[in-house]
Structure formats: C-alpha cells, structure tokens
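Coordinate inspection notes
If you want the building blocks of each chain, they are given just below.
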Amino acid sequence: MAAAAALVVAFAATAMTPADAKTFRLSHNTNDTTTWQKGAEKFNELLKEKSGGEMDVRIFPMAQLTGGDQMKQAEMVGRGALDFVVTSAINVTPLVPEMAVFSLPYLYSDYDDVDATTAGAPGERMTEIMAKHGIVVLAWGENGFREVTNNVREIKSPADMKGLKMRVAGPMYIDVMNALGANPQQMQWTETFSALQQGVVDGQENPIGAVIIPQRVYEVQKYLTTWHYSYDPIFVGVSEKLWNSWDDKTREMVKSAAEEAMDYQKTITREDTAKGVDFLKDKGMEIYEPSGEEIDAFRKATKPAFDTWAKKVGPDLVSLYQQTIDGGGKKAEAK
C-alpha cells in the first residue's frame, strides 16, 4: 500500500515539470475564519500533495484582489486575470444570471434536494453555462440555507419584515425583500459588519455555519429566524485559459483536489450549522424557529420574486431543477 501511494504521488508529480511549477492565486470574499477559507486551504493542501509540491495556491480572502468587490472575482477569473475563485452562486449572478436558479426562494426543502441538483443533471448544466463565461467549475461546496437576522424585532411572519433595512448580496434578493415589504440595500460583504454595527442597516441574511458564526454576526445582531428561505452553494472555479493550458493528467489532478476539498468544506459547514443554533443562543441571540404553516406564509409572500427570477434564469432550467428535486429527473433517466 505504501509503495502504491508513493507511486501515485510520483506519477502525479510528472504531470508538471519543474519549469512549469507555479504559485496560483485564489480569491474568495469571506474572512480567514470561515469554511470557505478552510475549503480553500484544503484544496491547496491536496494540490501540493497530488503534484508532489509542483503546484501551490496562494489564498486571498475578503476579495482583496478585486478591491473588496465580491461580484468582480468571477469576471476576473473568466478573462484569465485570476487563476481560481471560491465564491457562491449568488455572487456570480451579475455575470451569469442563470446561477440565481440555486437561490430561488423556497426551491429546496432540505439537503437531499440540494445534493440531488449539485451532483446531478442541474449541476452539470450549470457547469456548461459557466464554461461559456470562461470559468471551469471544478466542484460544488456549500454556503448553505440563508437565515435572516436583525436588530429590530423577532421575525415570525412576512409582516414582521416590513420596513426593515436589509443588507442583500445580489439583485434577486432585492426583489425578494421588496416582496416582503423590507427595504433592501445591496452591499459588499466587506462593508456589512460595520453597517450592522452602526445601524446603517437593520439586518442581513446568510447561512449559520458558513457565515453568521465564523464572521461573528452574532456580535452585532440580536434576532435570528431559521426560515431556510434560500440556498446558496459555493464552488471552486478555475480560469478556462489556465485549464486549457494543462494536459489531461494535470486537469484530473486539479479536479480531484477540488472535489475532495469541497466534500470536506461541505461536511464541516453542515456540522457547524447543526450545532450553530445552540451556539448562537449561548451568545445571546434570540432564535425563532418557524412552524410549517409560518414557512408557507413566507413561501407565498416570496412567490412573485420566484416567478420573476424563474423567467430570467429560464423556465426550462427551473423545470430541470424541480424535476430533479421531486425525483422526476431520476425517473426519466432510469427509463
């Protein structure tokens, strides 16, 4: 076994000659305590191991290479100005509107629904779409189900959202918040903590395990409602120009490292989310967990935003996701 392992490492190392050895740059838009960072670090660790030290990734958190602009990262990777990116689907929507399909309000009910799409035909379709923009999706990870926090009041119904100044990440969430009667304000994540602290905005929405806990949102927010209204995956993407410069063995090695890293990132994100509610309660947050009936009220209230964005991303694409979630896609493949 030891000899076989040594042979694999030696074989992988031959995919690049010493003259090709290079340090690549990877950008993501959260800080260095998040599971995004841990996933990126695992990717670098695995890539070094598989390449025999010939490939190395330097990680730049907080969108440092794009001046804090989280939306610009994917565009720079697409034109080859950056090598790798770890970012979430919603951050790519200005460049690729179809990526908003993942985050349509109340598309998903649970992790099984999510995994069926990222590991199935919908994930493959999105990979094809991203490739048209110069980005090769190597593997899907997890940001998670986005929960709402604020400093004004407990949120139990759509009416409780009325008038709240809510920081949002992208265009689709503006429409969602407008449907709920809130006052959405699109803002870079790098500016959000201070905006919450200073009362420029009342609240925000993000996943517990991937963002709210590691970014210490609980220090500047009092109320959290686990409404699971939108899901957001992350992915490791590489510049198509860089991808095309490698031979097949190098591509297989890089993709394998990315898949293992994102499996790890997804696992620790879900673990952190599972224990997150108790952690946040201990930190003084007031947590409200809606009933099924209350979730239905939010679902109905956000339906106009769902319909608007379903048209933008394409009815056929939305249908593919829905069929996969309800099992229709799998049954069709089995015939």
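The present account deals with the structure reproduced in this document.

About the cut-offs
- Residues numbered from 1 in each chain as written.
- Predicted model: local features only at pLDDT ≥ 70, side-chain atom pairs only at ≥ 80, totals over all residues.
- Heavy atoms only, no water.
- Helix = DSSP H or I, 4+ residues; strand = E, 2+ residues; numbered from the N terminus.
- Rg over C-alpha atoms; globule rule 2.2 N^0.38 Å.
- Contact = heavy atoms within 4.5 Å.
- Areas by Shrake-Rupley, 256 points an atom, 1.4 Å probe, with all protein chains shown as cover.
- Buried < 20%, exposed > 50% of the residue type's maximum accessible area, 1.4 Å probe, protein only.
- Pairing = 2+ DSSP bridges.
- Phe/Tyr/Trp six-rings, centres within 6.5 Å; stacked < 30°, edge-to-face > 60°.

1. Considerations on the overall build of the protein chain
- Looking only at helices and strands, the protein chain features 16 helices and eleven strands.
- Relative to the globule expectation of 20 Å for 335 residues, the C-alpha radius of gyration of the protein chain, 20 Å, shows essentially globular dimensions.
- Principal-axis analysis of the C-alpha atoms gives the protein chain an extent of 60 × 50 × 40 Å.
- Expressed as a percentage of contacts within the protein chain between residues at least 6 apart in sequence, the contacts between residues at least 24 apart total 76%.
- Carbon and sulfur atoms make up 50% of the accessible area of the protein chain, which amounts to about 14,100 Å² in all.

2. Here we look at the pairing of strand β10 (residues 234-239)
- Burial analysis of β10 places six of its six residues in the buried class, the great majority of the element.
- Note that strand β4 (residues 135-140) and β10 share five bridges and pair antiparallel. Note that in β10 the partner of V136 across the bridge is V238.

3. Focus on the environment of T117
- One can find T117 in helix α5 (residues 111-118).
- Classification of T117 by relative accessible area gives buried; the value is 0%.
- Residues T117 and D307 lie 190 residues apart in sequence; the distance between their C-alpha atoms is 20 Å.
- Setting aside chain neighbours within four positions, we find T117 in contact with F102, Y108, P122, G123, Y321, T324 and I325.

4. Looking at the packing of aromatic side chains
- With the rule as written, the count across this model stands at 15 aromatic pairs.
- Summarising the aromatic geometry, the rings of Y218 and F279 are spaced 5.5 Å apart at their centres and angled 80° between planes, so their arrangement reads as edge-to-face. Placement of the pair is Y218 in the loop between α9 (208-212) and β9 (223-232) and F279 in helix α12 (residues 276-282), with a sequence separation of 61 residues.
- Taking relative accessible area as the criterion, F279 reaches 31% and is therefore assigned partly exposed.
- Taken together, a centroid distance of 5.2 Å and an interplanar angle of 90° make the contact between W227 and F298 edge-to-face.

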